[in-house]
Amino acid sequence: MSNLLFSSSCCPILVVHYLSNSLHYSSMASLHLSIEPTSLAISAFYSSNLRTTKNTNATPFKYVSFITSTPLSLRSRNACLSIKASSSSTTVTEESQGLKIKTIPTKPIEGQKTGTSGLRKKVKVFMQENYLANWIQALFNSLPPEEYKNGVLALGGDGRYFNKEAAQIIIKIAAGNGVGKILVGKDGILSTPAVSAVIRKRKANGGFIMSASHNPGGPENDWGIKFNYSSGQPAPESITDKIYGNTLAISEIKMADLADIDLFELGVTKCGNFSVEVIDPVSDYLELMESVFNFSVIRSLLSRPDFRFIFDAMHAVTGAYAKPIFVDKLGARPDSILNGVPLEDFGHGHPDPNLTYAKELVDIMYAQNGPDFGAASDGDGDRNMVLGKGFFVTPSDSVAIIASNAQEAIPYFQAGPKGLARSMPTSGALDQVAQKLNLAFFEVPTGWKFFGNLMDAGKLSICGEESFGTGSDHIREKDGIWAVLAWLAILAQRNKDKKPGDKLVSVSDVVMEHWATYGRNFFSRYDYEECESEGANKMIEYLRELISKSKSGDKYGSYVLDFADDFTYIDPVDGSVVSKQGVRFVFTDGSRIIFRLSGTGSAGATVRLYIEQYEPEASKHDIDAQIALKPLIDLALSVSKLKEYTGRDKPTVIT
C-alpha cells in the first residue's frame, strides 16, 4: 500500500491509499470528489478524458480512503484538487489567482528550435521529462506579460497520440504563468483553421495548436506544437527565435497545482480565478464558413442526383467537421465522407493529401465511374487536395483558379480581392491572375506566418502554397475545408442553370478554361524524405557556392540563366528580413528550378526540388507535366548532384 497527497487551497490534506486491481488510471489522472459534509460519504470517479487503460505507466487502483477532521463540501466542476507524490524537487513558491503555483527545477534540452510551423519531433522525444514543459515555459518567458496575464488562450489539436496528455501539461503551465482562461476544444480537438477562427471570434490573446500537421501519428511517429497570436496567425520568427533562446537558458517551470481537466464534457471548470472552458470544436468555424460562402447555392449542387462528391478526411481532424458541414448543412450523402473518424494514429496512414498518401481517394477518382469532385485534407485540417473525375488539380493552379473566380462565386469577395500572394516555390500561375486582374501581388517565403502581416495590413485576400495549402484573410491560417468549399462554390456557380440531363461543367473544364485564358504553368515537386541531414546540408552549401559564381547569360544545357540566388524576403509591412529561403535558378524563358530543405519534418532532412515551366500555347496544355518538364528535371538533378550528396536515386513523393 502506498500514500498520495491531495492538496487544495480550500481543503485540509487528504491521504489516499491505493491497492492493485484491474481498474487503472493514468499517472496524470485526476479524481473528482463528491463529499457530503454531514456523513463524510465519499465517492470517486475518473476524469472522462482518461477513459483508456492503455497507458503503460498506469497506476493500479482499488479504493480510496480519506483522513480528515473537518466536514468538506466540494462541487466537481469547481473543485481543483491534484493528486501528487511528494517530491523534493518541486517547491510551492507562491499563491496566485487562488491557485498554488509549483516551481519545478529544470535544465535546457537541446533541439528545441522551431521549424517552418512550430516544434516537431517524435512522440517519444516530447514524452521525455520536461521536454514539452520546457518549450511551453520558454514561450511564456518570451512573451510580454501583458499579452497573456489574466488573458484568454485557445488550445486544440488534431487528435493525434499524446494530445490529451499534452493538453493537461499546457493548461497547468498556462495557469501557473497567470493566464486567466483556456478555451479548449472538446476531446482536445480543434483543427488549425478552427483555432485561428476561435482566437479571432472570441478575441483571445493567442492559442496553442497541438499537431505535426501532415506527418504520421501514433506512439512511434510525430508530435508537434506551435503558438498563434491574437490575430490568429502563427507566431513570427521574432518570437520563435526568442523561444529558442529561452529554451537554452531555462531553469524552472511554473505549474499550477491542478487536477487534470475533463476535456470530454462541454462546460466551464473554475480553479480559483483561473478557468477552463471546453467548447464545441465545430460551431465557431461553421458559423464563419456560413458567412463566407452561400451555403444554399452549394447545397443545390451537392443535392443534385447527377453530381457525386467525396471527401477523404484521412482519419484526421476534419473527420470531426466533415459530417456537420458537408452532410448536415450542405446535403451531401452520408457515404460521401471517407475515413471520417479521427484516430490517434490516423488509421496507420500518412495524413498528407497528395497523390501518394491519399491513394484510396485517387483510385476512386480515377476509376471508370468515379465521382465528379473529390477532395482530401490533412492531419490538422489546413491542407487540401482537389480532384476531378480522372483529373488532378495542382495546388498552384488551385489557388490561381479560386482567385480568378472568387468575386463571382464567393460572397465574401463580392467587392473583389484586395491582393494575392504565394510562397516563393509555388508556381507563377497566381502571378498571371494578379496581372490580368490588376491586383497587388506578393511573393513570400514558405510558411503561412509570412502572409499574416499582409492580411492585417489590408493588402492581401487570397494566398497559397504549392504544399497543398490554400486560404484567405477570413482567418490567419491555411484552410483545407475552406478550399474545398471554394471549389464547390465555383462549380455550383458554373452549373446553376444546368437542368437535369444537361452535361455539367466539370473540374477539368474549369481548369482547361483557366489555362486557355492565363496560360499553363507546368509544375512538379520532388520530395526526398528523411535524408541524412549531413548530406542534404552539404548539397545546399554546394548550390549556394555555385550561385555565388553564377551570372546572367550562363548556359545550362538549352536554358539561359536570368539569375540565381538564395531567396531573401523583406516584409513590406514591418521591414523584417528573412534570408536563405531557397536556392533558385531562374531562366530567361521563365522556367525555374528551386531547392529547399523542408522545416516540417521531425527526423532527418526532407529535400524538396521544384520544377516549373510556363506554356502560353493552348495546344500544348494537355501534355503530361512529367513529360513537359523532363528536360528541366534532368537538369536539376545534374546541377545539384542530388544523388551524390543524398544517395537517393528517386523521390519519396512526386506531386
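Predicted model only: the values in this text are computed from it and were never measured. (Residues numbered from 1 in each chain as written. Predicted model: local features only at pLDDT ≥ 70, side-chain atom pairs only at ≥ 80, totals over all residues. Heavy atoms only, no water.)

(A) Structural context of the overall build of the protein chain. Across its full length, the protein chain holds 18 helices and 35 strands. Split into buried and exposed, the 655 residues of the protein chain put 58% on the buried side. For the protein chain, restricting intrachain contacts to residue pairs at least 6 apart in sequence, the fraction spanning at least 24 positions comes to 73%. (Helix = DSSP H or I, 4+ residues; strand = E, 2+ residues; numbered from the N terminus. Buried < 20%, exposed > 50% of the residue type's maximum accessible area, 1.4 Å probe, protein only. Contact = heavy atoms within 4.5 Å.)

(B) Seen up close, the sheet that holds strand S24 (residues 440–444). Here four strands make up an open sheet; going across it, the order is S24-S23-S25-S26 and the pairing mixed. The open sheet has two edge strands with one neighbour each: S24 and strand S26 (469–472). Ignoring strand direction, the axes of neighbouring strands in this sheet form an average angle of 15°. Both strand S23 (residues 419–423) and S24 contribute to a ladder of five bridges, which runs parallel. Each bridged residue has a counterpart across the sheet, and for Ser-423 the counterpart in S24 is Val-444. (Pairing = 2+ DSSP bridges. Axes fitted to C-alpha atoms, helices over the stretch in contact; angles between N-to-C directions.)

(C) Focus on empty space enclosed by the protein. Applying the stated rule across the entire model yields nine cavities of 30 Å³ or more. Lining the second largest cavity are 13 residues, and of these Gly-118, Lys-226, Phe-227, Ala-235 and Thr-240 sit closest to its centre. Looking at the lining of the second largest cavity, the elements that each hand over two or more residues are strand S14 (222–228) and helix H5 (237–247). Taken together, the residues of the lining of the second largest cavity break down into five nonpolar, six polar and two charged. (1 Å grid on protein atoms, 1.4 Å probe; cavity = no way out; pocket = protein on both sides within 12 Å on 5 of 7 lines; lining within 4 Å. Points joined across faces, edges and corners; volume = space filled by probe spheres on them. Nonpolar A, V, L, I, M, F, W, Y, C, P; charged D, E, K, R; others polar.)

(D) Local environment of the packing of aromatic side chains. For the structure shown, the criterion picks out 22 aromatic pairs. Pairing Trp-448 with Phe-451 gives two aromatic rings, centres 4.7 Å apart and planes at 65°, and the pair type is edge-to-face. An identical accessibility class is assigned to Trp-448 and Phe-451; each is buried. In this structure an aromatic cluster arises from ring pairing among Phe-140, Tyr-148, Phe-208, Phe-227 and Tyr-229. (Phe/Tyr/Trp six-rings, centres within 6.5 Å; stacked < 30°, edge-to-face > 60°.)

(E) Focus on the pairing of strand S18 (residues 309–312). Residue alternation in S18 divides its side chains into two sets, Phe-309 and Phe-311 and Ile-310 and Asp-312, and both sets are buried. The sheet contact formed by S18 and strand S20 (residues 373–377) spans four bridges and is parallel. Residue Asp-312 lies in a different strand from S20, and its bridge partner there is Ala-376. In terms of strand pairing, S18 meets strand S19 (residues 337–338) through two bridges, oriented parallel. In the strand pairing of S19, Phe-311 is matched with Ile-337.

(F) Summary view of the environment of Arg-476. For Arg-476, the location among the structural elements is in the loop between S26 and helix H13 (480–494). You can call Arg-476 buried: its relative accessible area is 6%. Each C-alpha atom of the pair Arg-476 and Trp-448 lies 7.9 Å from the other, and the pair is 28 residues apart in sequence. Apart from the residues within four sequence positions on either side, Arg-476 is in contact with Ser-196, Arg-200, Ser-231, Gly-232, Gln-233, Pro-234, Trp-448, Gly-452, Met-455 and Asp-456. From its side chain, Arg-476 meets the backbone oxygen of Asp-473 in a polar contact 2.8 Å long. (Polar contact = N/O pair within 3.5 Å; in protein donor to acceptor, adjacent residues only side chain to side chain.)

(G) Geometry of the side chain of Asp-571. The topology assignment puts Asp-571 in the loop between strand S30 (569–570) and strand S31 (577–578). No salt bridge is formed by the buried Asp-571. Its closest oppositely charged neighbour is Lys-459, at 8.7 Å. Engagement of the side chain of Asp-571 in a polar contact is seen with the backbone nitrogen of Val-573, the distance being 2.7 Å. Excluding residues that lie within four positions of it along the chain, Asp-571 makes contacts with Asn-453 and Ser-576. (Lys, Arg positive; Asp, Glu negative; His and termini not counted. Salt bridge = Lys/Arg side-chain N within 4 Å of Asp/Glu carboxyl O.)

(H) Fine view of the packing of helix H10 (residues 395–409) against H13. Where H10 meets H13, the closest approach of the two axes is 10 Å, and the angle between their N-to-C directions is 55°. Classified by the angle between their axes, H10 and H13 sit oblique to one another. Judged by the twist between their axes, the crossing of H10 over H13 is left-handed. Counted together, Ser-398, Ile-401, Ile-402, Asn-405, Glu-408 and Ala-409 of H10 and Trp-482, Ala-483, Ala-486, Trp-487, Ala-489, Ile-490, Gln-493 and Arg-494 of H13 form the full contact between these two elements. (Parallel < 35°, antiparallel > 145°, perpendicular 65-115°, else oblique. Left-handed = near helix turned anticlockwise from the far one by under 90°.)

(I) Seen up close, the nonpolar core. Ranked by internal contacts, the top residues of the largest apolar core, which has 76 residues, are Phe-293, Phe-326, Phe-373 and Leu-488. Not counting residues up to four positions away in its chain, the partners in contact with Phe-326 are Leu-302, Phe-309, Phe-311, Gly-331, Ala-332, Ile-337, Ile-481, Val-484, Leu-485 and Leu-488. Formed by 50 residues, the second largest nonpolar core is a distinct cluster that contains Ile-104, Ala-174, Met-255 and Ala-256. (Core = buried A, V, L, I, M, F, W, Y, C linked by side-chain atoms within 4.5 Å.)

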